[in-house]
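Chain residues, written in single-letter form:
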Amino acid sequence: MKKSIDFLLTRKCNYRCPYCSQSKKFENKDTLLNADKNVINAFLKFLSTIDKEYEITLSGGEPLCHPDFFKIVRDIVNLGFKISVVSNFSFPFEKYKLLKEIAGDNLSELFISLHIGQVDDINLFLDKALEFKKIKGNTNFTVGSVLSEENLSELKKVSAFLKENNIKFELQHLRIKNAFVEYQGEAKEFIKNFPIEKIREKSDTYGKICYAGINFIFIYETGEVYRCYSSRFNKIHSMGNIKDKNFKLYSAPVPCLNKKCTCPKPIINNLIDFNSSDYFKALCLSCYNGLYLPYYAVKNREILKTKLIQSLKFKK
């Protein structure tokens, strides 16, 4: 059972992918914020209180858009933690070389999100990937991309190229409103070859005992902490703010309250005990959540609006 913490450093991004809720097309750019010094200091202070078995993932938005990205990396590494970084790989190669120099062997993974529609020259992107492969050392280096009917042909070529050059490639399943899009034809057959489909097959998790909240948490740039990515509208899975003095990890596992888990971390990191469940407790907690649903609906109304727009767009 792997322990990890995801920290969304920023909502800012230099890409505008149509399937992303942070796209300029769907969300007011003024709401795209960086984690401020108070949040970052609280995060580092929290790290100093937990064991070093947790792997810290820095993501966004695009984490390299944060003005203090490299300082944050250095501070986390100096505390003795391994880190992984999720980036769109759009910055000059020197930036990723510097990341490797600062983190050294503590850079556990560099996960590159390839967004075909945002890349001007795919050959330059792949050349950069080959360059990083030369210096990656013990770092897991993975290129991932969200599959759509439109980019299927190009991603098949990319997949073949990366396989030929021994660079790991993963497909990501397009999700709208926390639901997996149903692929058809060639796309459906292509994605069957990737681990994401095995994760999707195990996504029925309601009532199953899950260690998210103990061995995994997700932190927004505002400092808000959630048990997992699927929990934004869930009172039970909301863990407060990293800046709060009373914030702490769960002391015991809680059953999953999502009908389907679309957050890959609990399944990938074996946080869900599929042989253990507590449906009665899950039902009681779900009823309790229902009392807070209007509050969370209002609080996240812009996110709900964004997801609705995306859903209608992709249905068309």
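Scope of this entry: the structure provided in the associated data block. Along each chain, the written sequence defines residue order, and numbers are assigned to residues from 1. Given that this is a predicted model, residues contribute local features only at a pLDDT of at least 70 and side-chain atom pairs are listed and counted only at 80 or more, while totals for whole chains, interfaces and linings are drawn from all residues. Where side-chain values are given, they derive from all heavy atoms of the structure, hydrogens and water being excluded.

1. Focus on the sheet that holds strand β2 (residues 55-59)
Paired through backbone hydrogen bonds, the strands of a sheet run either parallel or antiparallel to each other. Quick reminder of the rule: Any two strands between which DSSP finds at least two bridges are classified as paired. To qualify as a helix, a DSSP run of H or I must reach at least 4 residues; to qualify as a strand, a run of E must reach at least 2; elements of each kind are numbered from the N terminus. Angles shown run from 0 to 180 degrees and are taken between the N-to-C directions of axes, each axis being a line fitted to C-alpha atoms and, for helices, limited to the stretch in contact. Whether two residues are in contact is decided by their heavy atoms, any of which lying within 4.5 Å being enough.
What the nine strands build is an open sheet, ordered β6-β5-β4-β3-β2-β1-β10-β11-β12; its pairing is mixed. Each end of this open sheet is capped by a strand with a single partner; those strands are β6 (168-172) and β12 (238-241). Each strand axis lies, on average, 20 degrees off the axis of its neighbour in the sheet, ignoring direction. Pairing between strand β10 (residues 216-219) and strand β11 (residues 224-226): two bridges, direction antiparallel. Bridged to Phe218 within β11 is Tyr226. Where helix α2 (residues 69-78) meets the sheet, its contacts fall on β2 and β3 (82-87), and the angle it forms with β2 comes to roughly 175 degrees. Running at roughly 160 degrees to strand β4 (residues 107-113), helix α3 (residues 93-103) makes contact with β3 and β4 of the sheet.

2. Quick notes on α3
This is how the line gets drawn: For every residue, the accessible area obtained with a 1.4 Å probe (protein chains only) is divided by the maximum for its type, and the residue is called buried under 20%, exposed over 50%, and partly exposed between those limits.
Within α3 the residues assigned to the buried category are Phe93, Tyr96, Leu99, Lys100, Ile102 and Ala103. On its buried face, α3 sits against α2, β3, β4 and α4 (122-135). Count one or two residues on from α3 and you reach Gly104, which has phi positive near 60 degrees.

3. Some details on the pattern of salt bridges
Condition: Note on definitions: salt bridges are taken to be side-chain nitrogens of Lys or Arg within 4 Å of carboxyl oxygens of Asp or Glu.
Using the criterion set out here, one finds 10 salt bridges in the structure. Lys3 is paired through a salt bridge with Asp51; the nearest N and O atoms lie 3.3 Å apart. Separated by 48 residues along the polypeptide, Lys3 in the segment before β1 (4-8) and Asp51 in the loop between α1 (37-47) and β2 bring together distant segments of the chain. Glu53 is paired through a salt bridge with Lys3; the nearest N and O atoms lie 3.7 Å apart. In this pair, Glu53 sits in the loop between α1 and β2 while Lys3 sits in the segment before β1, placing the two residues 50 residues apart along the sequence. Linked through salt bridges whose partners overlap, the residues forming this network are Lys3, Asp51 and Glu53.

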